[in-house]
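If you want the building blocks of each chain, they are given just below.
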Amino acid sequence: MKVTHLLLLAGTMAAGAAFAEPFGDRVARCLAEQRVMPDAPDFNQQAERCERILKMDDAKAAWQVCMWRAVASMDDRVSPASDIATATADHCGQEYEAMLDVSTLSPETRYRLYSERMKATKELAVKLVLMQRAEANRRQQATPAPKPKE
């Protein structure tokens, strides 16, 4: 396996592991990593900050996993990557909106990002198509060709 595939696989697995771990445990780990003590005067604010960060991470991972699956299901390995990206660009709108909903961005920035959803989704989808195709090519090249019968 190549580095790119491993990184994507690790990201997907980390997202899955994050969803499997109870949210409260993840908040506690975040607070421990930030070295926030339970008796700190700003403990509640720091806990809320960790919760927002984790919710955003979860929403982003859900969008990326949705896009990964949409690209994998639509890619015929023949059509141009941009065509596949266009075809999948509308598949994960709910996940993208959920990602924006949990963000702490200003309403103006959130509106701008929502307006640019199709562009952002297409850019991600093109990258995913190319990465998935490259990995498929590597696997195909690594598999020895069957020997002809004599």
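Predicted model, so just to flag it, every value in this text is computed and none were measured.

Caption draft 1: Region of the structure containing the overall build of the protein. When you go through the protein residue by residue, the secondary structure sums to seven helices and zero strands. Of the regular secondary structure in the protein, the N- to C-terminal order runs α-α-α-α-α-α-α. Of the contacts made within the protein by residues no fewer than 6 positions apart, 72% connect residues no fewer than 24 positions apart.

Caption draft 2: Layout of unusual backbone geometry. We note that R35 has phi near 60 degrees; this positive angle belongs to a residue other than glycine. For R35, the position within the fold is in the loop between α2 (23-33) and α3 (43-74). Residue class for R35 comes out exposed when judged on its relative accessible area of 74%. Positive phi, normally seen in glycine, also occurs at R77, with a value near 65 degrees. Locating R77 in the fold gives a position in the loop between α3 and α4 (81-88).

Caption draft 3: Layout of α4. All of the buried residues in α4 are A81, I84, A85 and T88. One side of α4 holds all its buried residues, which, seen down the axis, span an arc of 100 degrees. Close packing links the buried residues of α4 with α3 and α7 (117-142).

Caption draft 4: Broad picture of the environment of Q64. Mapped onto the fold, Q64 is located in helix α3. Each C-alpha atom of the pair Q64 and C92 lies 8.8 Å from the other, and the pair is 28 residues apart in sequence.

Caption draft 5: Representation of the pattern of salt bridges. Following the criterion strictly, the structure yields six salt bridges and no others. R77 is the partner of D75 in a salt bridge, and the nearest nitrogen-oxygen pair spans 2.8 Å. Classification of R77 by relative accessible area gives partly exposed; the value is 43%. Taking the shortest distance from any N to any O, the salt bridge between R117 and D90 comes out at 3.1 Å. Taken together, the residues span a long stretch of sequence, with R117 in helix α7 and D90 in the loop between α4 and α5 (93-101) at a distance of 27 residues. Overlapping salt bridges bring together D75, R77 and R133 as one network.

Caption draft 6: Highlighting the side chain of Q132. Of note, Q132 is situated in helix α7. Exposure remark for Q132: the relative accessible area of 7% places this residue in the buried category.

Caption draft 7: Focus on the packing of α5 against helix α6 (residues 107-115). Across the interface, α5 lies against α6 with an axial gap of 10 Å and an inter-helix angle of 165 degrees. Judged by the angle between their axes, α5 and α6 are roughly antiparallel. In terms of crossing hand, the pair formed by α5 and α6 is right-handed. Contacts between α5 and α6 involve Y96, E97 and L100 from the former and R110, L113 and Y114 from the latter. Of the residues belonging to the contact of α5 with α6, the class tally is four nonpolar, no polar and two charged.

Rules used in this analysis
Residues numbered from 1 in each chain as written. Predicted model: local features only at pLDDT ≥ 70, side-chain atom pairs only at ≥ 80, totals over all residues. Heavy atoms only, no water. Helix = DSSP H or I, 4+ residues; strand = E, 2+ residues; numbered from the N terminus. Contact = heavy atoms within 4.5 Å. Buried < 20%, exposed > 50% of the residue type's maximum accessible area, 1.4 Å probe, protein only. Arc of directions from axis to C-beta. Salt bridge = Lys/Arg side-chain N within 4 Å of Asp/Glu carboxyl O. Axes fitted to C-alpha atoms, helices over the stretch in contact; angles between N-to-C directions. Parallel < 35°, antiparallel > 145°, perpendicular 65-115°, else oblique. Left-handed = near helix turned anticlockwise from the far one by under 90°. Nonpolar A, V, L, I, M, F, W, Y, C, P; charged D, E, K, R; others polar.

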